[in-house]
Number of protein chains: 2
Amino acid sequence: MSKPSIPKGTRDFLPQVMVKRNYIFDTIKAVFQTYGYLPIETPTMEKTETLMGKYGEEGDRLIFKVLNSGEFIKKSNKEAYESENSIRFANSIVEKALRYDLTVPFARFVVQNRNEIDLPFKRYQIQPVWRADRPQRGRYREFYQCDVDVVGSDSLLYEVELIQIFDKVLSSLKLEDFTIKINNRKILSGLVEVIGESDKLIPITVAIDKLDKIGEEGVVKQLREKEVSESAIEKLSPILSIKGSNEKLLEAVSSIVSSSEIGAKGIEELTEVLDMIQSLGLDKAKLEFDPSLARGLNYYTGAIFEVKANSVNMGSICGGGRYDDLTSIFGMKDLSGVGVSFGADRIYDVLEELDLFPKELLASTQIMFANFGSAEAKQSMKWLKELRENDIPAEIYPDTAKMKKQMTYANNKNIPFVALVGENELANDSITVKNMETGDQNNYTIKELVAFFNATRF
Amino acid sequence: MSKPSIPKGTRDFLPQVMVKRNYIFDTIKAVFQTYGYLPIETPTMEKTETLMGKYGEEGDRLIFKVLNSGEFIKKSNKEAYESENSIRFANSIVEKALRYDLTVPFARFVVQNRNEIDLPFKRYQIQPVWRADRPQRGRYREFYQCDVDVVGSDSLLYEVELIQIFDKVLSSLKLEDFTIKINNRKILSGLVEVIGESDKLIPITVAIDKLDKIGEEGVVKQLREKEVSESAIEKLSPILSIKGSNEKLLEAVSSIVSSSEIGAKGIEELTEVLDMIQSLGLDKAKLEFDPSLARGLNYYTGAIFEVKANSVNMGSICGGGRYDDLTSIFGMKDLSGVGVSFGADRIYDVLEELDLFPKELLASTQIMFANFGSAEAKQSMKWLKELRENDIPAEIYPDTAKMKKQMTYANNKNIPFVALVGENELANDSITVKNMETGDQNNYTIKELVAFFNATRF
């Protein structure tokens, strides 16, 4: 049999990677919980009708579909099969599909469980999603999303607290230099209104969202392609070129959009959020008003967020915003929500590149008992029990193999201490412990050894 | 639009259920780690060739298959379609399937990553699996498995440590009365050899495995149906009827099987494991030799385990055993392993029925600040920041709604304390805190409040 393999775009996670991933997820979860967010999970498979049509035509194509069980041919669309219409034929042999993101399932969850949840509903959700994208460096067909949202309130206090959450999570992960960019969709709406191009909100926001990548000239070129008038482009130019403090930017943008009602509302919301954060302070994050930030997603209606790690050449590591009507696709109107998403894979790459993972993560087992024989192993098992009862991860080499083999096992597993228990130790009721880094050896009673680990515990 | 729903046999997990599930998983993980086991994850989708043929014909039928993307009709088997052969046709439009259990993916993982892992390899894995079974009470199409295994060693120390793990996990979950049943496949092999029915090992073990359910008479009836000779049935009867201590049972079974080489080996292994556990002691578990325990699975070659909660009418909550040849299906021979699985859904039901979930689980947020207006909210956000920095989960009601509405929110979310911050509190720089259970009110500075929570922290 040939060497087994896994589907392209998917991954096995080995222990040394898993402990780092769990470190990220555990840090995130702990912060979410201090802000009163609680976990939910939704099924891996949703009904196709729940997912299809929610992500555009391209999205529909990328959804993994699960074949009906049993004699599915009987109910299949023979005409579609014969005409080789794969999409229509698939509809006749498929009723379930794999979750494409966490947003649509969350909207479905809120509507379906409306009688069991209280509003405002604060939830987080960390689960994998699947996309039949062409796999490439950093893009997988299965990857985790990590979302935190609150629905059922339009209070700006939640915008403030999500900014605090970005700051707290990334600071806790020891990231030193990162920027939270903020904008407000209402400002963008005011802008297109003021420049007389309200019907071109989407192409205009798509174009100015690319400012970072293609520069002012590139944006102007794209606006012309979309037939935005020259006078409108001229009015837009301060948005594309002003640099400076949040206050200065706000003033400039305000002078342009505040003649629009919705634009003024956007400025008001943004000002309130910035003021509150100003008075609360942030740990490591810089908060930056970026009037060109749009994040493509049409469902945002208020604040828009994006986070970038500054010292690393990588796209945004987090993003999100306020939406006012996400649940209406499932028949529940006027439920405002705001939420953000942490890009776990990218955060992982950033921490790896900046060497920010704690070294202790790799050493889960603190001490390995070498195995010199049956009597020694039996006594070692008693000592192991005592260590484990004190929550000190410990193990024994299973056989009386050669010393070198046993030591190699401990080394490869990054175990910092090895206990050497031979005849002398059995006679003295004590344990000789070798520090694998320094080579030092010391002798301890089991009580002393427990105390030693309790004292040095990270 | 009709109310949205999820595929049958799948579940949404609401926060009140999630916190309990996480309590179980976190307890299990913590114990695994003190024994030196590390996490891995495998992809949700495996190649169909990895899964098909590994679970018998019935298993193959229950595997969820994922439709190929794109113009899949072009490569499909037209002849199979026209003859309505759904299985063969499916093979032509499907290359991936959803994980059916964690055992086969783990075997595939070990072989595929053989150069990156060290033996013995101690891993745990907690991930969902999918089966297209008919859903019924307690049986789902998506459910979590929670497996811990070590491969690459035949040392009995691992059998001992897995028994300790059963004991530690379930005792930590406050279960008082549970029994770990143990048997050894070699004893069963010796048994059929001694009674002259070696070719009927499977039907005989299947029959005696049902002793609990159908009684001695039922087993004898089934053995006759399988054409087991009357003299053989007579020789088996002690196995079916002896009651008593492990020692008494061992003696009785030993006297039957020890004339068989493999039977004697099984007795020797079992005796060594029982002796070691005897000398180490267990917390809450009873360890019971059960010569009728077989657990159907053909791949077990040594120890067989099963755990039952005694005060609850439910099947086994954990199980497992030693296997000597699991990776050979992927071309890697002679790799002995032993592992056990925790049935998270059943453990959940047991803890629920016995009311053993800690009450504090439900209260994740410790204090909610009521919202009396903009100035009060702003000051409250500062205090919230201080609480959260001390890892005390805290939140604020987002709007200045009616007091009753705010209190209802806190009540429904099981929040034990509500902070009342009005004009007086702003003036005094202090917080009035209401105990939601007793109705008592006390006044604290923020420092005192942090100290209060730190002192009462569970």
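Look up: the structure comes first, before these words.
So, how was this worked out
Residues numbered from 1 in each chain as written. Chains lettered and ligands numbered in written order. Predicted model: local features only at pLDDT ≥ 70, side-chain atom pairs only at ≥ 80, totals over all residues. Heavy atoms only, no water. Least-squares fit on C-alpha atoms with pLDDT ≥ 70 in both. Helix = DSSP H or I, 4+ residues; strand = E, 2+ residues; numbered from the N terminus. Buried < 20%, exposed > 50% of the residue type's maximum accessible area, 1.4 Å probe, protein only. Core = buried A, V, L, I, M, F, W, Y, C linked by side-chain atoms within 4.5 Å. Contact = heavy atoms within 4.5 Å. Pairing = 2+ DSSP bridges. Axes fitted to C-alpha atoms, helices over the stretch in contact; angles between N-to-C directions. Patch = residues over 30% accessible without salt bridge, like charges linked within 9 Å, V, L, I, M, F, W, Y side chains within 5 Å. Areas by Shrake-Rupley, 256 points an atom, 1.4 Å probe, with all protein chains shown as cover. Salt bridge = Lys/Arg side-chain N within 4 Å of Asp/Glu carboxyl O. Lys, Arg positive; Asp, Glu negative; His and termini not counted. Charge placed at Lys NZ, Arg CZ, Asp CG, Glu CD.

This part is about the relation of the copies chain A and chain B. Between the two copies, chain A and chain B, the superposition gives an RMSD of 0.1 Å; the rotation angle is 180 degrees and the shift along the axis is 0.0 Å. The superposition operator between the copies reduces to a two-fold rotation axis. Considering only C-alpha atoms, the part of chain A nearest the rotation axis is V66 of chain A, at 2.2 Å.

In this section: unusual backbone geometry. For residues besides glycine, phi is generally negative; the peptide bonds are generally trans as well. Along the chain, L119 of chain A connects to P120 of chain A via a cis peptide bond; the corresponding omega equals -10 degrees. For P120 of chain A, the location among the structural elements is in the loop between α6 (103-112) and β5 (121-130). The phi torsion at K174 of chain A lies on the positive side, around 75 degrees, for a residue other than glycine. The topology assignment puts K174 of chain A in the loop between α7 (157-172) and β7 (178-184). Assessed through its relative accessible area of 48%, K174 of chain A is described here as partly exposed. A positive phi is found at D429 of chain B, a non-glycine position, where the angle reads about 55 degrees. Mapped onto the secondary structure, D429 of chain B falls in the loop between α17 (423-428) and β15 (431-435).

Here we come to the nonpolar core. Residues I367, F369 and L387 of chain A together with Y37, L170 and F342 of chain B are the most contacted members of the largest nonpolar core, which totals 104 residues. Residue contributions to this core peak at 9 residues, all from helix α7 (residues 157-172) of chain B. Beyond its immediate stretch of four places on either side in the chain, F369 of chain A contacts S380, W383, L384, L387, E395, I396, Y397, A419, V421 and I431 of chain A. By size, the runner-up hydrophobic cluster in this structure holds 103 residues, among which are Y144, I165 and V253 of chain A together with F417 of chain B.

Before going further, it helps to spend a moment on the pairing of strand β6 (residues 142-151) of chain A. Side-chain positions along a regular strand alternate between the two faces of the sheet. Residues and elements named next belong to chain A. Summarising burial for β6: 10 of the 10 residues are buried, a large majority. Burial of the side chains of β6 extends over both faces: E142, Y144, C146, V148 and V150 are buried on one face and F143, Q145, D147, D149 and V151 on the other. Where β5 lies against β6, 10 bridges are found, and the strand directions are antiparallel. Of the residues in β6, the one forming a bridge with Q127 is Q145.

Let us now look at the sheet that holds strand β16 (residues 441-444) of chain B. All names here are of chain B. If you walk across this open sheet you meet the 5 strands as β13-β12-β14-β15-β16, and the pairing is mixed. Looking at strand neighbours, the two that pair on one side only are β13 (394-396) and β16, the edges of this open sheet. Across the sheet, the mean angle from the axis of one strand to that of its neighbour is 25 degrees, orientation sign disregarded. Sheet topology places strand β14 (residues 417-420) next to β15; 4 bridges connect them, and they run antiparallel. Residue F417 lies in a different strand from β15, and its bridge partner there is N435. Strands β12 (367-369), β14, β15 and β16 of the sheet are contacted by helix α18 (residues 446-456), whose axis makes an angle of about 120 degrees with β16.

This part covers a positive patch on the surface. A cluster of like positive charges, contributed by K210, K213, K226 and R346 of chain A, occupies part of the molecular surface. By the secondary structure assignment, K213 of chain A is in helix α10 (residues 211-225).

Residue and element names in this part refer to chain A. Judged by pairing direction, the sheet is mixed, and its 8 strands sit side by side in the order β1-β5-β6-β11-β10-β9-β7-β8 without closing on themselves. The sheet terminates laterally at β1 (38-39) and β8 (285-289), the two strands that pair on one side only. Taken together, the 7 bridges between β7 and strand β9 (residues 300-309) define a ladder with antiparallel strand orientation. When the bridges of β9 are listed, F178 appears paired with A309.

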